[in-house]
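Survey of secondary and tertiary structure
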Amino acid sequence: MSIDNVISIVISILSSSLLTLILSTFIFQPMQEKKKYIFDEKKRVYESIFGRQRRFWSLEK
């Protein structure tokens, strides 16, 4: 194995890691944050609707 082959393999590995880091930072992370925001909003709406009903039923008894 010549030094050129070793350098080529190292550059390939580093470029793959860099590409993964870029994809994670600019694509996957914002998608996860958006999904978490949507989940939190649905949870807030659910709790506001059903939380009131629970309070109403507990006042009635």
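The structure this text deals with has already been given above.
Residues numbered from 1 in each chain as written. Predicted model: local features only at pLDDT ≥ 70, side-chain atom pairs only at ≥ 80, totals over all residues. Heavy atoms only, no water.

The secondary structure content of the protein chain amounts to one helix and zero strands. The burial tally for the protein chain puts 2% of its 61 residues in the buried class. Here the protein chain displays about 6000 Å² of accessible surface, and carbon together with sulfur accounts for 67% of that area. (Helix = DSSP H or I, 4+ residues; strand = E, 2+ residues; numbered from the N terminus. Buried < 20%, exposed > 50% of the residue type's maximum accessible area, 1.4 Å probe, protein only. Areas by Shrake-Rupley, 256 points an atom, 1.4 Å probe, with all protein chains shown as cover.)

With that out of the way, let us pick up the packing of aromatic side chains. The tally for this structure, following the rule as stated, stands at one aromatic pair. On the numbers, 4.5 Å between centres and 50° between planes, the contact of Tyr46 with Phe50 is tilted. Remark: Phe50 and Tyr46 occur in helix H1 (residues 3-60); sequence separation between them is four residues, near one turn of the helix. By relative accessible area, Phe50 is classed as partly exposed at 34%. (Phe/Tyr/Trp six-rings, centres within 6.5 Å; stacked < 30°, edge-to-face > 60°.)

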